[in-house]
Amino acid sequence: MVKQVIVQNEEGICVERELGVHRGTKHGPLVIGIGGIHGNEPAGVVALQNVLRQLRQSQLPFQGKLVALAGNLRALRAGSRYLHHDLNRLWLPERVQLLKAQSRNFASTGEEQEQYELLAAIENTLIGHVGPAIFLDLHTTSSDGAPFALISDTLTNRRLALQLGVPLILGLEENVEGTILNYINDLGYEAIGFEAGQHQAPQSVKNHEAAIWLTLVASGCLTAHDIPAAQYQEQLRAAAQGLPSVLEVRYRHAIQDTDQFVMRPGFSNFSSVERGQPLALDQQGAICAQERSLLFMPLYQKQGEDGFFLVREVKPFWLSVSAWLRHWQTDRILHWLPGVRRLFGNRNALVIDRHIARWLVLPICHLLGFRKHTQTDGMLIVSRRRQSRSN
Ligand SMILES: [Zn+2]
């Protein structure tokens with residue numbers, strides 16, 4: 001159980017959009033840290049402020065720039081996940097285009113205003129920047145449990161995320177629409193989502209700080225000798241409690257308000273569950289695990305669209321196979337497999353006829369990053385995020 005809390009009252013925290021900027025003496029990479037895109041997750045904001053303060057006070061040789069932004073200011077003030085809409089589900093490309101074409105006054109709800117302002121802050125930061133830019137999106141969870149990282153499955157994102165030493169979850173970003181991480185990835189930048197632990201746990205702030213420092217090293221703003229990098233890695237590794245280094249989403253339990261979904265008590269992130277074990281209740285009755293797996297992000301708060309996920313380990317062997325397949329660009333010939341064709345020539349989407357395609361086809365598609373599933377006219381469509389040249 002969490003004994004201390006980050007925010008002592010129900011009021012939440014009051015911050016500016018730009019939490020701060022740290023500029024190095026030399027030109028270099030740009031790291032953009034975003035905290036509090038969910039207003040009941042103040043730990044990321046506090047951690048960014050702490051790191052900025054330490055950078056200001058130290059004389060560390062810093063290359064490039066760290067820009068720290070706060071996400072949903074109104075919800076942070078209210079101490080709630082969001083006011084009207086989840087700000088981390090609004091970043092669909094067509095919606096962002098519409099937002100850009102409109103004036104600020106058009107945005108009617110609190111979150112539309114927030115998105116307008118946050119988008120402007122991100123674009124202002126990117127304007128004129130030449131070279132790599134890395135996004136770190138900082139979150140916490142309603143349940144207790146180990147920290148973890150989320151990425152769209154590209155090799156560059158994997159490299160960045162694995163250096164944190166926490167479990168890396170594949171297949172979540174591809175199956176949740178409209179996240180800011182997806183939007184950033186589609187712009188062609190590297191992006192990691194980092195979940196530090198429980199919302200109000202002081203340890204979550206420490207884990208976020210470790211992730212920020214290690215990302216500054218991985219991006220080239222600092223060197224590992226400048227900071228106690230090994231200590232930060234050890235801290236996160238210890239917090240990860242010996243969990244597998246890479247896991248993939250096997251099942252998502254999407255919910256609506258009318259479902260009256262209630263998670264059974266006592267689960268935490270990465271609790272082992274057996275096939276048939278009751279996990280939650282809704283209007284239809286008990287919801288049970290479909291297979292032996294690890295329970296992931298069980299929902300213990302009122303707001304949210306995901307009841308829980310089930311995840312399983314991806315063995316290191318398959319990760320190597322995946323990297324090798326990508327190196328040789330075998331994705332270009334995936335549509336040669338029986339029962340597989342490209343969706344209107346789109347190299348990032350495949351149509352699979354499950355009557356023809358054999359059982360290995362889907363795992364191969366996953367290895368190559370095609371992790372998003374949709375069904376149309378009895379056909380399975382698998383797609384991946386837009387790929388950069390270094391995938
Ligand atoms: Zn969050």
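Residues numbered from 1 in each chain as written. Predicted model: local features only at pLDDT ≥ 70, side-chain atom pairs only at ≥ 80, totals over all residues.

Draft legend 1. Structural view of the pairing of strand β13 (residues 293-296). For strand β10 (residues 272-273) and β13, the ladder comprises two bridges, and the chain directions are antiparallel. Residue S272 lies in a different strand from β13, and its bridge partner there is L294. (Pairing = 2+ DSSP bridges. Helix = DSSP H or I, 4+ residues; strand = E, 2+ residues; numbered from the N terminus.)

Draft legend 2. Region of the structure containing the packing of helix α1 (residues 43-57) against helix α7 (residues 202-219). Running from N to C, α1 and α7 point in directions that differ by 55 degrees, and their axes come no closer than 8 Å. Judged by the inter-axis angle, α1 sits oblique to α7. Of the two elements, α1 crosses α7, and the hand of that crossing is right-handed. Between α1, through A43, G44, V46, A47, L48, N50 and V51, and α7, the contact on the second element is made entirely by S204, V205, H208, E209, I212 and W213. Looking at the contact of α1 with α7 residue by residue, the classes come out as eight nonpolar, four polar and one charged. (Axes fitted to C-alpha atoms, helices over the stretch in contact; angles between N-to-C directions. Parallel < 35°, antiparallel > 145°, perpendicular 65-115°, else oblique. Left-handed = near helix turned anticlockwise from the far one by under 90°. Contact = placed C-beta atoms within 7 Å. Nonpolar A, V, L, I, M, F, W, Y, C, P; charged D, E, K, R; others polar.)

Draft legend 3. Main features of the nonpolar core. Formed by 91 residues in total, the largest nonpolar core has its most connected members in I32, L136, A149, I169, F296 and F308. Formed by eleven residues, the second largest nonpolar core is a distinct cluster that contains L334, V351, I352 and L368. (Core = buried A, V, L, I, M, F, W, Y, C linked by C-beta atoms within 7 Å. Buried ≥ 20, exposed ≤ 12 C-beta atoms within 10 Å, placed from the backbone.)

Draft legend 4. The arrangement of unusual backbone geometry in detail. Here the phi dihedral of Q241 falls at roughly 55 degrees; this positive angle occurs in a residue that is not glycine. Of note, M297 is a non-glycine position whose phi angle comes to about 50 degrees, a positive value. Within the element layout of this structure, M297 appears in the loop between β13 and β14 (306-313). For M297, a count of 24 C-beta atoms within 10 Å translates into the label buried.

Draft legend 5. Structural view of the sheet that holds strand β9 (residues 262-263). Strands sit in the order β9-β11-β12 across an open sheet of three strands; the sheet is antiparallel. Two strands in the sheet have a free side with no partner beyond their single neighbour: β9 and β12 (285-288). Inspection of the sheet shows β9 paired to strand β11 (residues 278-282) by two bridges, in the antiparallel sense. The partner of M263 across the bridge, within β11, is A280.

Draft legend 6. Examining the pairing of strand β17 (residues 372-376) more closely. By the bridge criterion, five bridges tie β17 to strand β18 (residues 379-383) in an arrangement that is antiparallel. Along β18, the bridge assignment pairs K372 with S383. Connecting β17 to the next strand, β18, in antiparallel fashion are two residues, including D377 with a positive phi near 50 degrees.

Draft legend 7. Inspection of the sheet that holds β14 at higher detail. With respect to topology, eleven strands assemble into an open sheet ordered β1-β3-β2-β4-β7-β5-β6-β8-β14-β13-β10, the strand pairing being mixed. On the outer flanks of this sheet lie β1 (18-23) and β10, each paired with one strand and no other. Relative to β14, β13 runs antiparallel, the two sharing three bridges. Bridge pairing in β14 links F296 to F309. Running at roughly 175 degrees to strand β3 (residues 63-70), helix α4 (residues 110-126) makes contact with β1, β2 (26-35), β3 and β4 (133-141) of the sheet.

Draft legend 8. Spotlight on the packing of α7 against helix α8 (residues 229-239). Contact geometry of α7 with α8 gives a least axis separation of 9 Å together with a crossing angle of 130 degrees. In terms of axis orientation, α7 runs oblique to α8. By crossing handedness, the relation of α7 to α8 is classed as left-handed. Contact with α7, carried on its side by N207, A210, W213, L214 and V217, involves A229, Y232, Q233, Q235, L236 and A239 of α8 and no other residues of that element. Residue composition of the contact of α7 with α8, grouped by class: eight nonpolar, three polar and no charged.

Draft legend 9. The environment of L295, seen in detail. Along the chain, the position of L295 falls in strand β13. Residue L295 is classed as buried on the basis of its C-beta count, with 23 C-beta atoms lying within 10 Å. For the pair L295 and N346, spaced 51 residues apart in sequence, the C-alpha separation works out to 34 Å. Each residue touching L295, except ones within four places of it in the same chain, is listed here: F267, S271, V273, L279, F308 and L310.

Draft legend 10. Region of the structure containing the domain arrangement of the protein. By domain assignment, the protein separates into domain 1 (18-239), domain 2 (249-313) and domain 3 (325-383). When each unit is reduced to the centre of its C-alpha atoms, the spacing between domain 1 and domain 2 is 26 Å. Residue-level contacts link 13 residues of domain 1 with 16 residues of domain 2. Residues that form the side of domain 1 that touches domain 2 fall into these classes: four nonpolar, six polar and three charged. (Domains from an automatic or database assignment.)

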